[in-house]
Amino acid sequence: MAERDTAILLIRCPDAKGLVAGVSGFLYEHGANILSTDEHRDDESGQFLMRVEWDLEGFGLGREEFARAFDGAVARRFGMQWRVAYSRERMRVALFVSKYLHCLSDLLHRHREGELRADIRMVVSNHEDAAAMAGFYGLPFHHVPVTPEGKRDAERRQLELLEAERIDLVVLARYMQVLSPEFVERYPARIINVHHSFLPAFSGARPYHAAFERGVKLIGATAHYVTDVLDDGPIIEQEVVRVSHRDQLADMIEKGRDAERLALARAVRWHLEHRVLLDGRRTVVFV
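Definitions and cut-offs
Residues numbered from 1 in each chain as written. Predicted model: local features only at pLDDT ≥ 70, side-chain atom pairs only at ≥ 80, totals over all residues. Heavy atoms only, no water. Helix = DSSP H or I, 4+ residues; strand = E, 2+ residues; numbered from the N terminus. Rg over C-alpha atoms; globule rule 2.2 N^0.38 Å. Buried < 20%, exposed > 50% of the residue type's maximum accessible area, 1.4 Å probe, protein only. Contact = heavy atoms within 4.5 Å. Phe/Tyr/Trp six-rings, centres within 6.5 Å; stacked < 30°, edge-to-face > 60°. Lys NZ or Arg CZ within 6 Å of the ring centre and 35° of its normal. Salt bridge = Lys/Arg side-chain N within 4 Å of Asp/Glu carboxyl O. Pairing = 2+ DSSP bridges. Axes fitted to C-alpha atoms, helices over the stretch in contact; angles between N-to-C directions. Core = buried A, V, L, I, M, F, W, Y, C linked by side-chain atoms within 4.5 Å.

Peer 1: Would you explain the overall build of the protein chain in this entry?
Peer 2: Per the secondary structure count, the protein chain includes eight helices and 13 strands. The C-alpha atoms of the protein chain give 21 Å as radius of gyration, which agrees with the globular expectation for 287 residues (19 Å, within 12%). Once the C-alpha set of the protein chain is aligned to its principal axes, its extents read approximately 60 × 40 × 40 Å. By residue count, 47% of the 287 residues in the protein chain fall in the buried class. Once local pairs closer than 6 in sequence are excluded, the contacts in the protein chain between residues at least 24 apart make up 68%.

As structure tokens, then:
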């Protein structure tokens, strides 16, 4: 089945009467066939968030025309923060990984099967373990070693690679290095990490060990946007798995890796499909 050529409008603004009518009426006036619309009002902040997707076949406005017309007719009237994206413009993605390859393998398989509509441009790692997997999927592999003394130089090299390929999204598929604030600042809300814990519980480097010692009954994984505060970025998706006293540490790690795969794949897919809106430290995910 051919992929539809659609536009996606994402909106955040103070709630007000007539918002939905204003947006849908504007699109109707210009010949849009709306395929889906989702809205959310946050009672605490009074903010309104909306995602609208429509078929571009028969739509009467080009991209530049749409921006000018929508801003003048609707956006400024309601004080909107907004952006529009197009389904056929696939994001250019870089995958970062260290030695654990299960999330990388899952993403690459899903991409090959057509589940992730993206243009994956490279695999970057501070180890060489992922080179064969990248080669199997026909992707460039860049080994950038990271040492405490050479971290700044390593990040400079990584940023050069990202800029050369005009990367839109960086996915940390179990990349076991902390990115500097300077790196994160270059890609705000465009770096997705998976943490092997149900955050905010058991943050840090050894969450499965901490969970095992605490005797938890649920473990999980968290996919979130990266900020300059470790493991504190807006959460996109979480997955949980039940465990019991019969599960040893190795069992918990094995079960947890399944949760990591699922949480990261969903978060990446929703970001690629423009389904995630930031609302302060939280996200609104329209699925």
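Peer 1: Looking at this structure, how should I read the packing of aromatic side chains?
Peer 2: Think of a pair of aromatic rings as described by two things: how far the centres are apart, and how the planes are tilted against each other in angle. Applying the stated criterion across every chain, the model contains 12 aromatic pairs. Considering the side-chain rings of F136 and Y137, the 5.0 Å spacing of their centres and the 85 degrees angle between planes classify their relative orientation as edge-to-face. F136 sits in the exposed class, given a relative accessible area of 58%. Assessed through its relative accessible area of 19%, Y137 is described here as buried. One aromatic cluster is present, built from ring pairs that chain together F26, W54, F59, F66, F70 and W82. The ring of Y86 carries R63 above its face, with NZ or CZ at 3.9 Å from the centroid.

Peer 1: I'm lost on the pattern of salt bridges in this one. Help?
Peer 2: Two side chains of opposite charge can pair, provided their charged atoms sit close to one another. A complete count under the given rule lists 27 salt bridges for this structure. A salt bridge links E165 to R121; its shortest N-O distance comes to 3.0 Å. In this pair, E165 is assigned in the loop between α5 (151–164) and β8 (169–172) and R121 in strand β6 (residues 118–125), connecting sequence segments 44 residues apart. The residue R282 makes a salt bridge to D279 at a minimum N-O spacing of 3.8 Å. Residue R282 is classed as partly exposed on the basis of its relative accessible area of 48%. D279 sits in the buried class, given a relative accessible area of 7%.

Peer 1: How do you make sense of the sheet that holds strand β1 (residues 6–14) when you look at a structure like this?
Peer 2: To summarise the sheet geometry, strands pair through backbone hydrogen bonds and adopt either a parallel or an antiparallel arrangement. Strand order in the open sheet formed by four strands is β2-β3-β1-β4, with antiparallel pairing between adjacent strands. The open sheet is flanked by β2 (33–41) and β4 (81–86), the only strands paired with a single partner. Taking the axes of each pair of neighbouring strands and ignoring which way they run, one obtains an average angle of 10 degrees across the sheet. Of the pairings in the sheet, the one linking β1 to β4 comprises six bridges and is antiparallel in character. Residue pairing in the sheet places I8 in a bridge with A85 of β4. Where helix α2 (residues 63–78) meets the sheet, its contacts fall on β1, β3 (47–55) and β4, and the angle it forms with β4 comes to roughly 155 degrees.

Peer 1: Even after reading the chapter, I still don't get the nonpolar core, so can you show me in this structure?
Peer 2: Where a protein is soluble and globular, its nonpolar side chains tend to be buried together. Counting 42 residues, the largest nonpolar core has V93, L107 and L264 as its most contacted members. With nine residues, the single largest contributor to this core is helix α8 (residues 249–272). Residues within four places of V93 in sequence aside, it is in contact with A118, D119, I120, R121, M122, I167, L169, V171 and L272.

Peer 1: Hey, could you run me through helix α3 (residues 102–112) in this one?
Peer 2: Every α-helix winds through 3.6 residues per turn, so residues three or four apart in the chain are directed the same way. Taken residue by residue, α3 has H102, C103, L104, D106, L107, L108 and R110 as its buried positions. Lining the buried residues of α3 we find β5 (91–97), β6, α4 (131–136), β8, β9 (191–195) and α8.

Peer 1: How should I be thinking about the environment of G22 in this particular structure?
Peer 2: Topologically, G22 is positioned in helix α1 (residues 19–29). Judged by its relative accessible area of 13%, G22 falls in the buried class. Spatially, the C-alpha atoms of G22 and V243 are 49 Å apart, while their sequence positions differ by 221 residues. Contact partners of G22, with chain neighbours within four places excluded, come to V74 and R77.

Keep in mind that these numbers describe shape and distance, not what the molecule does.
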